[in-house]
2 protein chains.
Amino acid sequence: MADEALFQFLHYELMQYIYKSADSKETENGRNITKLENMGFRVGQGLIERLTKDTARFKDELDTMKFICKDFWTCVFKKQIDNLRTNHQGIYVLQDNKFRLLSQLSAGKQYLEHAPKYLAFSCGLVRGALSNLGVKSIVTAEVSVMPTILLQKI
Amino acid sequence: MADEALFQFLHYELMQYIYKSADSKETENGRNITKLENMGFRVGQGLIERLTKDTARFKDELDTMKFICKDFWTCVFKKQIDNLRTNHQGIYVLQDNKFRLLSQLSAGKQYLEHAPKYLAFSCGLVRGALSNLGVKSIVTAEVSVMPTILLQKI
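Residues numbered from 1 in each chain as written. Chains lettered and ligands numbered in written order. Predicted model: local features only at pLDDT ≥ 70, side-chain atom pairs only at ≥ 80, totals over all residues. Heavy atoms only, no water.

Chain A is annotated in an unreviewed UniProt entry as Trafficking protein particle complex subunit 6B of Sphaeramia orbicularis. Taken verbatim from the UniProt record of chain A, the Sequence similarities (unreviewed entry) comment is "Belongs to the TRAPP small subunits family. BET3 subfamily." (UniProt positions renumbered as here; feature names shortened; annotations may be inferred.)

## Describing the overall build of chain A
The secondary structure content of chain A amounts to four helices and four strands. In chain A, the order of α-helices and β-strands from amino to carboxyl end is α-α-α-β-β-α-β-β. When burial is assessed residue by residue, chain A has 46% of its 154 residues classed as buried. A total of about 8,000 Å² of accessible surface is found on chain A, and carbon and sulfur atoms cover 48% of it. (Helix = DSSP H or I, 4+ residues; strand = E, 2+ residues; numbered from the N terminus. Buried < 20%, exposed > 50% of the residue type's maximum accessible area, 1.4 Å probe, protein only. Areas by Shrake-Rupley, 256 points an atom, 1.4 Å probe, with all protein chains shown as cover.)

## A word on the side chain of B:D96
Residue and element names in this part refer to chain B. Looking at where D96 falls in the secondary structure, it is placed in the loop between strand 2 (91-95) and helix 4 (115-132). The class of D96 is buried, set by a relative accessible area of 2%. Within polar-contact distance, the side chain of D96 engages the backbone nitrogen of K98 at 2.9 Å. Looking at D96, its side chain comes within polar contact range of the main-chain nitrogen of F99, at 3.5 Å. (Polar contact = N/O pair within 3.5 Å; in protein donor to acceptor, adjacent residues only side chain to side chain.)

## Let's talk about the confidence of the model for chain A
Looking at chain A as a whole, the pLDDT averages 86, with 87% of positions reaching at least 70. For chain A, per-element mean pLDDT is lowest for strand 4 (residues 147-153) of chain A, which scores 64, and highest for helix 3 (residues 61-77) of chain A, which scores 94. (pLDDT = per-residue confidence, 0-100.)

## Considerations on the pairing of strand 2 of chain B
The pairing of strand 1 (residues 83-86) of chain B with strand 2 of chain B spans four bridges and is antiparallel. The partner of B:R85 across the bridge, within strand 2 of chain B, is B:V93. (Pairing = 2+ DSSP bridges.)

## Observations concerning the relation of the copies chain B and chain A
The two chain copies are related to each other by a rotation about an axis together with a translation along it. For these two chains of identical sequence, chain B goes onto chain A by a turn of 180° and a shift of 0.0 Å along the axis, with RMSD 0.0 Å. One copy is carried onto the other by what is essentially a two-fold rotation axis. Both copies contact each other with a shared surface, as 100% of the interface residues of chain B are interface residues in chain A too. (Least-squares fit on C-alpha atoms with pLDDT ≥ 70 in both. Contact = heavy atoms within 4.5 Å.)

## Quick word on the pattern of salt bridges
Think of it this way: side chains of opposite charge can pair up when their charged atoms draw near. Residue and element names in this part refer to chain A. A full pass over the atoms with the stated rule returns ten salt bridges over all chains. Here R127 makes a salt bridge to E37, at a shortest N to O gap of 2.9 Å. Taken together, the residues R127 in helix 4 (residues 115-132) and E37 in helix 2 (residues 26-51) connect sequence positions 90 residues apart. Shared partners join several salt bridges into a network, and the residues in it are K79, D82 and D96. (Salt bridge = Lys/Arg side-chain N within 4 Å of Asp/Glu carboxyl O.)

## With respect to the interface of chain B and chain A
Accessible area lost during the coming together of the parts is what is often quoted as the interface size. Contact with chain B, which involves 29 residues of that partner, is made by 29 residues of chain A. Taking both sides of the interface into account, the surface hidden between chain B and chain A amounts to around 2,800 Å²; carbon and sulfur atoms contribute 73%. The salt bridge partner of B:R42 is A:E13, with a shortest N-O separation of 2.7 Å. Our count for the contact surface shared by chain B and chain A stands at four residue pairs in polar contact (both at pLDDT 80 or more). For the side of chain B that touches chain A, the elements supplying multiple residues, two or more each, are helix 1 (2-21), helix 2 (26-51) and helix 3 (61-77) of chain B. In terms of residue count, the dominant contributor to the side of chain B that touches chain A is helix 1 of chain B (14 residues). Across the side of chain B that touches chain A, the residue classes tally to 17 nonpolar, five polar and seven charged. (Buried area = accessible area lost by both parts, 1.4 Å probe. Nonpolar A, V, L, I, M, F, W, Y, C, P; charged D, E, K, R; others polar.)

## Some thoughts on helix 4 of chain B
All names here are of chain B. Along its 18 residues, helix 4 runs 27 Å from first to last C-alpha, staying within 8% of the 26 Å computed at 1.5 Å per residue. Among the 18 residues that make up helix 4, 14 are buried, leaving the element largely enclosed by the rest of the structure. Among the residues trailing helix 4, G134 stands out with phi positive, at a value near 85°. (Expected span 1.5 Å × (residues − 1).)

## Focus: the packing of helix 3 of chain B against helix 4 of chain B
Geometry of a packed helix pair, given as the angle between the helix axes and the separation of the axes. All names here are of chain B. Contact geometry of helix 3 with helix 4 gives a least axis separation of 11 Å together with a crossing angle of 130°. The orientation of helix 3 relative to helix 4 falls into the category oblique. Remark: the crossing between helix 3 and helix 4 carries right-handed chirality. Across from T64, M65, I68, F72, W73, V76 and F77 in helix 3, the residues of helix 4 making contact are S122, L125, V126, A129 and L130. The class makeup of the residues in the contact of helix 3 with helix 4 is ten nonpolar, two polar and no charged. (Axes fitted to C-alpha atoms, helices over the stretch in contact; angles between N-to-C directions. Parallel < 35°, antiparallel > 145°, perpendicular 65-115°, else oblique. Left-handed = near helix turned anticlockwise from the far one by under 90°.)

So this is what it looks like as structure tokens:
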């Protein structure tokens, strides 16, 4: 339990630092999101290399995606993705009903506007992991009550 | 194995970001170290709270220090401290013969000058953890071949 806390705390510090060190203008906000996303990308690249070191080659894209939902997600968030849907045309929806990085936020709707900065790093993580597995993608996140990570292949 | 990699990668990104976002002047260097140390401090505070949630009260300072060497260190670095020494007058030397955050650095002496920025966060971690356990301390790190964390109570 404390293991996952380490990641949460570190992620929080990272986020806070990026937001504090930059100007708090509206235009800066997008840039901070991008910074976090890029960091996630590099961490995702590194992680997936370690994780797939002894794994057999993936059959297809869906197989790759299942690996992300199970092994990769468990490595980072200590749980699997709860639901994976796809339209079989390159769009995948990964739903996590108890996303760790948001579970500390208050549940009220008024806090939803802060969600993007809590999600950017994780979107980057997935994009980086997929990138190293040969899948170019656009990863975005949506939060309703609990966050869903929506993945779109390009 | 990939679990510990997550921390390593994240730590690396954090360090790189702090060093890139600040000026690379000599005077700035100390400030960056302090920033990293402070981040470590807060993460350490948070972590120790989770870790000691169900732990019995510590008998004495040495008992506290043993907890840091075993449980706390294992939580963060996936291994225990290799050697704990004390002069029983408030100085503790914690020796880690295979410190994860430095294990990726080349072994040559010429790289030792870069070591402080790899150690600042961890010094903060220990200081933060001890602080929440009621032990005010000064934590410094020394690297010979492999790093030792030297702890001094004030």
